[in-house]
Amino acid sequence: MTVNATPNGGANSTNGTTNSNSTRNGFGSGATFAPGISINVNKNTTAGPGGVGAPKPGAAANPGTGVDRTSPLVLPEPAFYSAADVRSYCEALRAFAAYSAIEVEVGAEILKAALEQAPPVPGDHGFRAKMRARAVAKKVSKAADALADAAKDAAGAWAAFQREYADVMTPRPAQQQRRPFQF
């Protein structure tokens with residue numbers, strides 16, 4: 001922001017009289033006020049099957065997100081050449097399953113609410129309509145539970161790998177041979 005003001009609150013320093021063009025707070029007729037405004041617009045587009053700007057697969061359910069290798073929705077390539085590779089894969093699998101479990105559980109609740117609001121079948125009463133909606137949503141909720149179990153199993157896989165292959169990961173130094181005890 002740039003502000004140009006006359007010195008001494010708009011007073012004329014030569015004859016002691018005030019400038020008739022000056023206003024309160026020292027802004028005179030020559031004062032300018034120009035705020036600096038910047039607007040940045042960033043738009044990411046991808047060339048996909050639908051052409052430029054087409055959403056990536058999976059983006060319909062999550063606007064603003066797409067499926068790429070840095071997304072929590074995609075697992076890394078299964079290349080196991082070191083313990084670090086096994087660890088990173090197990091951690092990615094756990095994160096993927098935990099995130100997916102939350103998303104699927106939320107989806108189950110939304111599905112249940114939507115089905116409860118659906119028009120009833122002729123000859124059906126409200127309680128039965130809610131029971132049918134819960135039965136359908138329960139299957140999706142079971143899928144969320146399975147994903148939560150997969151997250152637990154992924155964490156357990158890394159723990160089992162550490163336990164079973166600890167000697168391979170950090171080999172123990174060879175024990176020195178001792179001389180037999182003699183009197």
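The preceding data block contains the structure.
Sequence order as written defines residue numbering, which begins from 1 separately in each chain. Local features in this predicted model are restricted to residues whose pLDDT is 70 or higher, and side-chain atom pairs enter the listing and the counts only when it is 80 or higher, whereas totals over whole chains, interfaces and linings include all residues. Excluded from the side-chain calculations are hydrogens and water; all other atoms, namely the structure's heavy atoms, are used.

> I'd like a description of the overall build of the protein, backed by residues and values.
Secondary structure summary: the protein contains three helices and four strands in total. Residue burial is assigned from relative accessible area. The probe radius is 1.4 Å, only protein chains are included, and a residue is buried under 20% of its type maximum, exposed over 50%, and partly exposed in between. Classification of the 183 residues of the protein by burial places 12% in the buried group. Note on contacts: a residue pair is in contact if any heavy atoms of the two residues lie within 4.5 Å. Long-range contacts, defined here as pairs at least 24 residues apart, represent 45% of the contacts in the protein between residues at least 6 apart. Surface accessibility follows the Shrake-Rupley procedure with a 1.4 Å probe radius. Residue values consider only the protein chains on display as shielding. Total accessible area computed for the protein in this model is approximately 14600 Å², and 57% of it derives from carbon and sulfur atoms. In DSSP terms, a helix is any run of H or I states spanning at least four residues, a strand is any run of E spanning at least two, and both are numbered starting from the N terminus.

> Describe the environment of Pro119, and please don't skip the residues or the numbers.
Positionally, Pro119 belongs in the loop between helix 1 (83–116) and helix 2 (126–164). The spatial distance from the C-alpha of Pro119 to the C-alpha of Ala129 is 8.7 Å, given a sequence separation of 10 residues.

> Give me helix 1: which residues, what numbers.
Spanning 34 residues, helix 1 covers 49 Å between terminal C-alpha atoms, matching the ideal 50 Å at 1.5 Å per step. Taken residue by residue, helix 1 has Val86, Cys90, Ala97, Ser100, Ala101 and Ala108 as its buried positions. Looking at the buried residues of helix 1, the elements they touch are helix 2. Expected helix span is computed as 1.5 Å times (number of residues minus one).

> Can you explain helix 2? Please cite residues and give values.
Between its terminal C-alpha atoms helix 2 stretches 56 Å, which fits the 57 Å expected from 39 residues at 1.5 Å a residue. Taken together, the buried residues of helix 2 touch helix 1 and helix 3 (166–169).

> Any details on the side chain of Ser141? Residues and values, ideally.
Within the secondary structure layout, Ser141 lies in helix 2. Among residues more than four places away in sequence, those in contact with Ser141 are Glu105 and Ala108.

> How would you summarise a nonpolar patch on the surface if you had to cite specific residues and measurements?
Two joining distances apply to patches: 9 Å for like charges and 5 Å for nonpolar side chains (Val, Leu, Ile, Met, Phe, Trp, Tyr), and every residue must have over 30% relative accessible area and no salt bridge. Only one rule defines a salt bridge in this text: a Lys or Arg side-chain nitrogen within 4 Å of an Asp or Glu carboxyl oxygen. Nonpolar side chains collect at one region of the surface, where Ile102, Val106 and Ile110 lie side by side and expose about 290 Å² of accessible area between them. Using a relative accessible area of 56% as the deciding quantity, one classes Ile110 as exposed.

> Quick rundown of the packing of aromatic side chains? Include the residues and the values.
What counts as a ring pair is set by centres within 6.5 Å for rings of Phe, Tyr and Trp (its six-membered ring), and what kind of pair is set by the plane angle: stacked under 30 degrees, edge-to-face over 60, tilted for all other angles. If you walk through the whole model with that rule in mind, you get three aromatic pairs. Each ring, one from Trp158 and one from Phe161, has its centre 5.6 Å from the other, and the planes form 25 degrees; the classification is stacked. Placement of both Trp158 and Phe161 in helix 2 is noted, with a separation of three residues, approximately one turn of the helix. A network of ring pairs unites the aromatic residues Trp158, Phe161 and Tyr165 as a single cluster.

> How would you explain the pattern of salt bridges if you had to name every residue and give the values?
Per the stated rule, a full pass over the model turns up five salt bridges. Close ionic contact of Glu109 with Lys112 constitutes a salt bridge, the shortest N to O distance being 3.8 Å. A residue pair is termed a helical-turn pair when its members lie 3 or 4 positions apart in one helix, as Glu109 and Lys112 do in helix 1 at three residues. A salt bridge links Asp149 to Lys152, with the nearest nitrogen and oxygen atoms 3.8 Å apart. Of the two residues, Asp149 and Lys152 are both situated in helix 2; the distance of three residues between them amounts to about one turn of the helix. We classify Asp149 as partly exposed; its relative accessible area is 40%.

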